[in-house]
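So the chains spell out like this:
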Amino acid sequence: MAGAGLLTRQDSRKFFENLSGAGKSIAVLTSGGDAQGMNGAVRAVVRMGIYVGAKVYFIHEGYQGMVDGGNNIKEATWESVSSMLQVGGTVIGSARCKEFRSREGRLKAAHNLVKRSINNLCVIGGDGSLTGANLFREEWSGLLDELLKKGLIDEEEAQRNSELHIVGMVGSIDNDFCGTDMTIGTDSALHRIIEVVDAIMTTAQSHQRTFVLEVMGRHCGYLALVSALACGADWVFIPEMPPNDGWQDSMCQKLSGNRADKKRLNIIIVAEGAIDCHNKAITPDYIKDLVVSRLGFDTRVTILGHVQRGGTPSAFDRILASRMGVEAVLALLEASATTPACVVSLVGNQAVRLPLMECVQMTQEVQKAMDEKKFEEAVRLRGRSFENNLITYRLLSFRKTDSELPSSSFNVAVLNVGAPAAGMNAAVRSAVRVGIAEGHRMFAVNDGFEGLSKGQIKEIKWGDVGGWTGQGGSLLGTKRTLPAKHLEEIANQFRIHNINALLVIGGFEAYMGLLELSSARDKYDEFCVPMVMVPATVSNNVPGSDLSIGTDTALNAITDTCDRIKQSASGTKRRVFIIETMGGYCGYLATVGGLAAGADTVYIHEEPFDIRDLQANVEHLTEKMKTSIQRGLVLRNENCNKNFTTDFIYQLYSEEGRGVFDCRKNILGHMQQGGAPSPFDRNFSTKIAAKAIQWISQKLTDCYKGGRVFANSDDSACLLGMRRRALVFQPVSQLRGETDFVHRVPRDQWWLKLRPVMKILAKYKTSYDVSDAGQLEHVAHVRPKDSKATI
């Protein structure tokens, strides 16, 4: 993980217009195993590089192409990366290269780069590829001297290319690189896995079967762990945490216990590198034979293999790749002779730059710890994200007997408020199970605050929420009703059911509701209990959180539709599609969906526009139609402007584009709220709800005095949100000042900083503030063994 900064900027605002790429050449290559999203990173590097005035080159077939030279190294154009964003794998090719491992091979590669004046290299690959790049950089001076002595280059060429700058981006579906929370391709691989698991679960339920799924991860169990968390698997095997002796008995006992609870299927997920505590491989066939011989269950094995590397990249991977690609070019422009080779990483929701070799060293330390059977240390070295996933899985998967539960006389209610959002059910499941594990009685409220006022409350047990992670919508039912008009009835229900704490899962109405309940504490003692809200809305318009449950699923729905529309437009040529997205007055879905789909223009309420802007956008598309990219994509947030409606924009574009392009429109509507939640939303909702319940448990203990719970301080009514790098509890009363209540949005929205990136990649001239761009930091040291990790 990232720690204290090494470099700081003197000025508070700095614009990349000052970072000219004129006279510079940048080469981009993909190396090692392919990963979905690599093409998005290549596209971003090429377009950002060309935008700042640099020459950009493709190096085809990875390091092999660099060694071979010739047509493998080609100058890239703006149009040459068109239609790459939605394509899986890597269009410019990847190959293992033994030759580059030798100095002679690296000498050839250096010669090929110098002849084209390329001394800025962007490498997209795994730790092996990035380590090779760093060695190449360290040897660069010596390689130039050797080329000079052999007469292969002259003094001027050697002088002009005296420094080699390298920036890496990690492309790996395994998420096995230390220093970044997510690598490019991981989220897409999880999509493939969860698609298969969801499909398998329906057939398994029909026949009461047990399925053993093997997923990729020879040295890292991230895919297995997160997919187990996302589908509620019964058991998971990962290399970082081998099971203790006797695990066979424990696993079979759990499987039979679940069947006794009328669960019709069992899912066991195993990473391909799974081992036991004696370093012996645990294979899917061994697990199958064990289950069949001991329990007699009908058991099948599915090995997913390379399907996990395939398919189109998810919205998350496209956004990540685009952000990282732009950041990589900025890092190259800012690099000096003393700047170490760095890797662009994601920590929480923030881009950072880390010294490449510090990350590689930490990654190697993980394997060393595993080889020495120091598995707890290996988990810590993997980083906070991996560790939190493991802690959450353990919390949710092992059901305690009544005698094992801690004693608690507290009643905790859970309800959904506002419009449905994919992931709400996973959050409820997580909250219920963690609450029960903490010893509380959990109560489910149907139909939000309205149901609460009517007494639609019942106790909910561990088994009642089985299979909820993959369900879309809200199984509890949800309404937009606010509590203000029903305070007396709600207080009465708190009394009747002795509610000691409240968890609200929802959007802006949930936030407003919590404000109203906490404000009514002076009048109603019943509301003097710990209350916490978890943001869940596709609009992502809740103050206090960068992300909300449901937004990732909605973005994938938008991206999938845009992909199909672009494909249709490519077939017919010279066609522009106008697409309306949801979001109320918040332009998050339109902007970030536009970045993921490669939109030409996005209209949002936060960035006012007039008829002159519309005309300029039409002219921009008219120019685009003269190139080989004869299609256009325009996104419009539903409330961006009351006069410039979707129909108006469609008619204007149709009229002004007559003879050049024709138009179609598409209103996506409620399909953005529906469907099964994405792996990201399942994982995010599971972890955030578990953390919320742990906070409630602590508050209940702190506020229990004189035989009752009493909490009326500001910090006992909080919103739990993702803020940059961490999940943070914030009193809702303090968030009032950050809220635009008229338009139901936060006053400051981080994602607006992505709009210039989207515009640059669509070939618009714009101003881009880079004062918040990634800064070079150290990789943090592993925490002491006695430190307690929380979710």
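This one's a predicted model, so the numbers in the text were calculated from it and none came from an experiment. (Residues numbered from 1 in each chain as written. Predicted model: local features only at pLDDT ≥ 70, side-chain atom pairs only at ≥ 80, totals over all residues. Heavy atoms only, no water.)

A separate point is the sheet that holds strand S3 (residues 55-59). Spatial strand order, S4-S3-S2-S5-S6-S11-S12: 7 strands in an open sheet with mixed pairing. With partners counted over all chains shown, the strands left at the sheet margins are strand S4 (73-75) and strand S12 (350-355), one partner each. In this sheet, neighbouring strand axes are inclined to one another by 25 degrees on average, regardless of whether the strands run parallel or antiparallel. With 3 bridges connecting them, S3 and S4 associate as antiparallel partners. Within S4, the position partnered with Tyr-57 by the bridge is Glu-75. (Pairing = 2+ DSSP bridges. Helix = DSSP H or I, 4+ residues; strand = E, 2+ residues; numbered from the N terminus. Axes fitted to C-alpha atoms, helices over the stretch in contact; angles between N-to-C directions.)

Quick look at the sheet that holds strand S22 (residues 662-667) now. Taking strand neighbours across the sheet as the criterion, the 4 strands line up as S20-S21-S19-S22 in an open arrangement whose pairing is parallel. The strands lining the two open edges of the sheet, one partner per strand, are strand S20 (601-603) and S22. The average angle at which neighbouring strand axes cross in this sheet is 20 degrees, direction not considered. In terms of strand pairing, strand S19 (residues 575-581) meets S22 through 6 bridges, oriented parallel. Its bridge partner lying in S22, Val-576 is registered against Cys-663. Most of the contacts of helix H19 (residues 588-597) go to strand S21 (residues 631-637), to which it runs at about 160 degrees, and overall it touches S19, S20 and S21. (Contact = heavy atoms within 4.5 Å.)

Another point: the state of the cysteines. The full count for this structure, using the stated rule, is 0 disulfides. Cys-252 carries a free sulfur, and the closest cysteine sulfur to it, the one in Cys-277, is 16 Å from it. Given the relative accessible area of 5%, Cys-252 is considered buried. With no disulfide of its own, Cys-562 lies 15 Å from the sulfur of Cys-663, the closest cysteine sulfur. (Disulfide = S-S within 2.5 Å. Buried < 20%, exposed > 50% of the residue type's maximum accessible area, 1.4 Å probe, protein only.)

Turning next to the UniProt feature "domain: Phosphofructokinase" (unreviewed entry) in the protein chain. Residues given the UniProt feature "domain: Phosphofructokinase" (unreviewed entry) here are residues 26-331 and 411-696. Helix makes up 45% of residues 26-331 and strand 15%, with an end-to-end C-alpha separation of 12 Å. (UniProt positions renumbered as here; feature names shortened; annotations may be inferred.)

In this section: the pairing of strand S6 (residues 165-170). Taken across its 6 residues, S6 has 6 buried, putting it largely inside the fold. Going residue by residue along S6, you find His-165, Val-167 and Met-169 tucked away on one face and Ile-166, Gly-168 and Val-170 tucked away on the opposite face as well. As paired elements, strand S5 (residues 120-125) and S6 share 6 bridges and run parallel to each other. If you follow Ile-124 over to S6, its bridge partner there is Met-169. In the sheet, S6 pairs with strand S11 (residues 342-347) via 3 bridges, with the strands oriented parallel. Of the residues in S11, the one forming a bridge with Val-167 is Cys-342.

It is worth spelling out the nonpolar core at this point. Of all hydrophobic cores here, the largest spans 235 residues; its most connected members are Met-66, Leu-121, Phe-136, Met-169, Ile-269 and Leu-503. For this core, the element with the most residues is helix H10 (residues 315-334), which contributes 13 residues. The contacts of Leu-503, once residues within four sequence positions are left out, are Ala-413, Val-414, Leu-415, Ala-431, Val-532, Val-534, Ala-692, Ile-693 and Ile-696. Counting residues in each nonpolar core, the second largest holds 16 residues, with Tyr-603, Cys-640, Phe-644 and Phe-661 among its members. (Core = buried A, V, L, I, M, F, W, Y, C linked by side-chain atoms within 4.5 Å.)

Relative to the assigned elements, Asn-389 resides in helix H13 (residues 384-397). We classify Asn-389 as buried; its relative accessible area is 0%.

When the domains of the protein chain are assigned, the result is domain 1 (16-183 + 313-367), domain 2 (186-308), domain 3 (411-549 + 677-740) and domain 4 (552-673). Computed over C-alpha atoms only, the centres of domain 2 and domain 4 are separated by 43 Å. (Domains from an automatic or database assignment.)

Before going further, it helps to spend a moment on the side chain of Thr-186. Examined against the element boundaries, Thr-186 turns out to sit in helix H6 (residues 186-207). A polar contact of 2.7 Å, which involves the side chain of Thr-186, links it to the side chain of Thr-183. Ignoring sequence-local partners within four residues, the contact set of Thr-186 consists of Ser-172, Ile-173, Asp-174, Asn-175, Tyr-222, Leu-223 and Asp-317. (Polar contact = N/O pair within 3.5 Å; in protein donor to acceptor, adjacent residues only side chain to side chain.)

In this structure the tally under the stated criterion is 36 salt bridges. A salt bridge links Arg-382 to Glu-240, with the shortest nitrogen-to-oxygen separation between them at 2.7 Å. Of this pair, Arg-382 sits in helix H12 (residues 375-382) while Glu-240 sits in the loop between strand S8 (235-237) and helix H8 (247-260), and the two are 142 residues apart along the sequence. Neither residue differs from the other here; Arg-382 and Glu-240 are each classed as buried. The partner of Asp-600 in a salt bridge is Lys-624, and the shortest N-O contact between them spans 2.6 Å. Of this pair, Asp-600 sits in the loop between H19 and S20 while Lys-624 sits in helix H20 (residues 611-624), and the two are 24 residues apart along the sequence. This pair shows no difference in class: Asp-600 is buried, exactly as Lys-624 is. When salt bridges that share partners are traced, they join Arg-103, Arg-106, Glu-139, Glu-146 and Lys-150 into one network. (Salt bridge = Lys/Arg side-chain N within 4 Å of Asp/Glu carboxyl O.)

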